[in-house]
Amino acid sequence: MKKILSVVLSLVMLFSVGAISVNAFAAVGSVEETKGAIEIVTEVNGKPSDEITHATDPDEPRKITFTYTGDGELIGWEFPGMSEGVDYTIVSEDGNSITVLVADAYAGEVIANAIVNEDEEEEEETTEKETTTKATTVKSESTKSPKTGAAASAGLLAMGAGAAILTALKKKEDAE
């Protein structure tokens, strides 16, 4: 009888320790999808500009086509604050246009910067209108903590029950 009771108590304690330690950490698995509107900022050589037009795909609102309409020679595109392959993927690039697909998990603003080789006269005009842009920080808007309280409470309850049974058995043994 004592051996069976010892095995049962050992299993209860093992279960209680396992229940607490397994569920004490937040899940890393999925990220909530953000389907809201994306804020788009267009720049030419790092300065705000209206020489870039953008259009979103009606079937896929996170698929955006940017087109440089200025007079300078377009050298390439960059998206400051975003990582290619993580925050966005390039769908196509043709002439003065680029189409990107923004990741569902990305919640910041999309800054499309056209790198343009401008004439000297145009550079002088743009330096007079120079403005600064502020960096953005992406923060989680979730106010919920991981749901680990129920498992921890159950583990503590089982451990307490095991300790109470063990104490009762010791007192019974001492009384005999």
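Quick caveat, the model's predicted, so the values are computed rather than measured.

What counts and what doesn't
- Residues numbered from 1 in each chain as written.
- Predicted model: local features only at pLDDT ≥ 70, side-chain atom pairs only at ≥ 80, totals over all residues.
- Heavy atoms only, no water.
- Helix = DSSP H or I, 4+ residues; strand = E, 2+ residues; numbered from the N terminus.
- Buried < 20%, exposed > 50% of the residue type's maximum accessible area, 1.4 Å probe, protein only.
- Contact = heavy atoms within 4.5 Å.
- Areas by Shrake-Rupley, 256 points an atom, 1.4 Å probe, with all protein chains shown as cover.
- Phe/Tyr/Trp six-rings, centres within 6.5 Å; stacked < 30°, edge-to-face > 60°.
- Polar contact = N/O pair within 3.5 Å; in protein donor to acceptor, adjacent residues only side chain to side chain.
- Salt bridge = Lys/Arg side-chain N within 4 Å of Asp/Glu carboxyl O.
- Core = buried A, V, L, I, M, F, W, Y, C linked by side-chain atoms within 4.5 Å.
- Pairing = 2+ DSSP bridges.
- pLDDT = per-residue confidence, 0-100.

In this structure, what is going on with the overall build of the chain? I would like to understand it.
Looking only at helices and strands, the chain features 3 helices and 8 strands. Its helices and strands in sequence order give the chain the pattern α-β-β-β-β-β-β-β-β-α-α, from N to C terminus. For the chain, buried positions account for 23% of its 176 residues. Across the chain, the fraction of contacts at a sequence separation of at least 24, relative to all contacts at a separation of at least 6, is 65%. A total of about 12,700 Å² of accessible surface is found on the chain, and carbon and sulfur atoms cover 55% of it.

In this structure, what is going on with the packing of aromatic side chains? I would like to understand it.
Two numbers describe a pair of aromatic rings. These are the distance of the centres and the angle of the planes. Taken as a whole and assessed by the stated rule, the structure comprises 3 aromatic pairs. A centroid spacing of 5.8 Å and a plane angle of 55 degrees characterise the contact between F66 and F79, whose relative ring orientation is tilted. Here F66 is found in strand 4 (residues 63–68), whereas its partner F79 is found in the loop between strand 5 (73–78) and strand 6 (88–94), with 13 residues between them in sequence. Here F66 matches F79 in class, with each residue buried. By the ring-pair criterion, three or more aromatic residues cluster together here, those being F66, W77, F79 and Y88.

Can you walk me through unusual backbone geometry in this structure?
The phi angle of most residues is negative, glycine excepted, and most peptide bonds adopt the trans form. If you check the backbone angles, N45 has positive phi at about 50 degrees while not being a glycine. Relative to the helices and strands, N45 resides in the loop between strand 1 (40–44) and strand 2 (47–48).

Is there a simple way to explain the side chain of N113 in this structure?
You can see N113 is positioned in strand 8 (residues 110–117). Reaching out from N113, the side chain makes a polar contact with the backbone nitrogen of N45 at a distance of 3.1 Å. Only 2.6 Å separates the side chain of N113 from the side chain of E78, close enough to count as a polar contact. What N113 contacts, discounting residues up to four positions off in sequence, is E43, V44, N45, G46, G76, W77, E78 and P80.

Could you clarify how one ought to interpret the pattern of salt bridges in this entry?
Side chains that carry opposite charge are capable of pairing whenever their charged atoms lie near each other. Across all of its chains, the model carries 1 salt bridge by this definition. Across the salt bridge formed by R62 and D104, the nearest N and O atoms sit 3.4 Å from each other. Linking R62 in the loop between strand 3 (52–56) and strand 4 with D104 in the loop between strand 7 (97–102) and strand 8, this pair joins segments that are 42 residues apart in sequence.

Before we go on, may I ask you to explain the nonpolar core in this structure?
The nonpolar side chains of a soluble globular protein tend to be buried, and buried together. Counting residues in each nonpolar core, the largest one holds 19 residues, and the members touching the most others are F66, Y68, W77, F79, V110 and A114. Here this core takes 4 residues from strand 8, the largest share from any one element. Other than its neighbours up to four places away in sequence, V110 contacts I38, E39, I40, V41, F66, F79, M82 and V102.

Explain the sheet that holds strand 8 here, please?
Strand pairing in a sheet takes place through backbone hydrogen bonds and is either antiparallel or parallel in direction. Reading across from one edge, 2-1-8-5 is the order of the 4 strands in this open sheet, with mixed pairing throughout. The open sheet has two edge strands with one neighbour each: strand 2 and strand 5. In terms of strand pairing, strand 1 meets strand 8 through 5 bridges, oriented parallel. Bridging across to strand 8, I40 finds its partner in V110.

Would you explain the confidence of the model for the chain in this entry?
When pLDDT is low, close inspection of the predicted coordinates is not appropriate. Chain-level pLDDT for the chain is 76 on average; 69% of the residues reach the 70-or-more range. The spread of mean pLDDT over the elements of the chain runs between helix 2 (residues 120–128), the lowest at 48, and strand 7, the highest at 93. Predicted confidence for residues 29–34 stays below pLDDT 50, and this span has 6 contacts to residues more than four positions away or in other chains. Note that pLDDT drops below 50 for residues 126–134; the model gives that stretch 6 contacts with residues more than four away or on any other chain.

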